[in-house]
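# Structural description and commentary
Listed below, chain by chain, are the residues.
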There are 2 protein chains.
Amino acid sequence: MKHKGVLIVVSGFSGAGKGTLMKRLMQVYDNYALSVSMTTRSPREGEEDGVAYFFSTKEQFERTIAEDGLIEYACYCGNYYGTPKAYVEQQLEAGKDVVLEIEIQGALKVKEKFPESLLLFVTPPNAKELERRLVGRGTESQEVIAKRLARAYEESEGMEAYDYIVVNDVLEECVEEIHRLVEAARRAPVRREAFIKEIREELKEFSKGAEE
Amino acid sequence: MKHKGVLIVVSGFSGAGKGTLMKRLMQVYDNYALSVSMTTRSPREGEEDGVAYFFSTKEQFERTIAEDGLIEYACYCGNYYGTPKAYVEQQLEAGKDVVLEIEIQGALKVKEKFPESLLLFVTPPNAKELERRLVGRGTESQEVIAKRLARAYEESEGMEAYDYIVVNDVLEECVEEIHRLVEAARRAPVRREAFIKEIREELKEFSKGAEE
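Quick caveat, the model's predicted, so the values are computed rather than measured. (Residues numbered from 1 in each chain as written. Chains lettered and ligands numbered in written order. Predicted model: local features only at pLDDT ≥ 70, side-chain atom pairs only at ≥ 80, totals over all residues.)

### Quick word on the interface of chain B and chain A
Condition: Any residue pair is listed as a contact if its two C-beta atoms, each placed from the backbone, are within 7 Å. Going along the chain from the N terminus, every DSSP run of H or I of four or more residues is numbered as a helix, and every run of E of two or more is numbered as a strand. Side-chain classes are defined by residue name, with Ala, Val, Leu, Ile, Met, Phe, Trp, Tyr, Cys and Pro counting as nonpolar, Asp, Glu, Lys and Arg as charged, and the others, Gly among them, as polar.
Contacts between chain B and chain A engage 34 residues on the former and 35 residues on the latter. If you list the elements that add at least two residues to the side of chain B that touches chain A, you get α5 (127–137), α6 (142–156), β9 (164–167), α7 (171–185) and α8 (193–211) of chain B. In terms of residue class, the side of chain B that touches chain A is built from 21 nonpolar, four polar and nine charged.

### Examining helix α3 (residues 85–93) of chain A
Residues and elements named next belong to chain A. Rules: Any residue surrounded by 20 or more other C-beta atoms within 10 Å of its C-beta is treated as buried, while 12 or fewer makes it exposed and the intermediate range makes it partly exposed; C-beta atoms here are placed from the backbone. This arc describes the spread of directions from the helix axis toward the C-beta atoms.
Of all the positions in α3, only V88, Q91 and L92 are classed as buried. Seen from one end, α3 has its buried residues packed into an arc of 100°, which puts them on one side. Turned more than 90 degrees away from the buried face of α3 sit A86 and Q90, all of them exposed. A positive backbone phi angle near 90° is found at G95, which sits one or two residues after α3.

### Notes on the nonpolar core
Put simply, the test is: The nonpolar core is taken to be a set of buried Ala, Val, Leu, Ile, Met, Phe, Trp, Tyr and Cys residues joined by way of C-beta atoms within 7 Å.
Counting residues in each nonpolar core, the largest one holds 106 residues, and the members touching the most others are I8 and L120 of chain A together with I8 and L120 of chain B. Non-local contacts of L120 of chain B, meaning those with residues more than four positions away in its chain, are made with I8, V9, V10, Y162, D163, Y164, V166, I178 and L181 of chain B.

### With respect to the sheet that holds strand β5 (residues 70–76) of chain B
Residues and elements named next belong to chain B. The criterion, for reference: Whether two strands pair comes down to DSSP finding at least two bridges between them. Only the stretch in contact is used when a helix axis is fitted, and all axes are lines through C-alpha atoms; the angle between N-to-C directions ranges over 0 to 180 degrees.
The strand order across the open sheet formed by four strands is β4-β3-β6-β5, and the pairing between neighbours is mixed. A strand with exactly one partner marks an edge of an open sheet, and here the two such strands are β4 (53–55) and β5. On average, adjacent strands in this sheet sit at an angle of 25° to one another, irrespective of strand direction. Strand direction decides the pairing type here: strand β3 (residues 37–39) and β4, joined by three bridges, are parallel. The partner of S37 across the bridge, within β4, is Y53. The strands touched by helix α3 (residues 85–93) are β5 and β6 (79–84); relative to β6, the strand with the most contacts, the crossing angle is about 30°.

So this is what it looks like as structure tokens:
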């Protein structure tokens, strides 16, 4: 299926600043729509249902899987995470560029289903900075931070599968960089199909004229 | 082989304005180096040897092929066209982004040899404009123009093989667009290998620390 908008998958180490980046991207540009994932994990303090996630029970989640209502889903740390299909399809058809903020397992599944999707991996400039940001957040125990760093190492094994590696050092610069990568994706032949078809037909007419 | 610079292949219909675009790109930015092709075709009026092309005899050209001195070569309208290898390799290693202005047969051969190369297809906004530019050039007979339009139709069949379709409407905007596509290519994992390797090693150290 061909979409009018670009399907953008954003992954990256926990603590790389994906959330802040995406929030800022939505503020600066109005061509983006952020997909809200569904999860069975417990809400963190202050997390509202339908904003960062749709929180669901395991039973609800498994019913949605059975109804083919998810683009992808995965299990991470004992919880389900998935991307509800309807909203994404609807926004893409309307010409919006839809951002999915998901981890690597899900990203690879999306790329398989939608080869024209744009896979971005967000990383801080170095590992020390990642640790600093995780500690600075102040919401996680030392144990959770250690787990996240170990998980980051595992995730780093998948970086080559992404289309682009985006280094999040200065927020505003990184937002611009992501926007430019999306604009670049719009120039790919898969998104220029109508244009290619038209110029090809015009040239065919001209060639016929030239032969006469 | 991994290069420090980006290998950029620019193709497009004769009359799409590739020459002017590339000249302007070199004027505005200093990270580019234009590869000069070798050809056995006769120089057009005012064409100097070593500027648009290195003009060579058929015998010289075939000797260069035998010596494996070309990245790619092709025969078009009874003449050889090829890309001398030494200059390209040397500039890429020095960190320059090297532009090859070649037609589709050559472009596909380059992509095969160097999968990380960036293939750009330059086109005017429509076929009518292409004809207008070819006629306006005033250097070609009606017969040659007709041949070029027929050739353009054939070439349009290959547009999907390129990474990006670049519409050359306003020169300065198109130069910026090409530059941004090259900057985007620099964010691909194949060009971030050193960065990926480093952060992976750092994270591995952190994970070890966390386990203790």
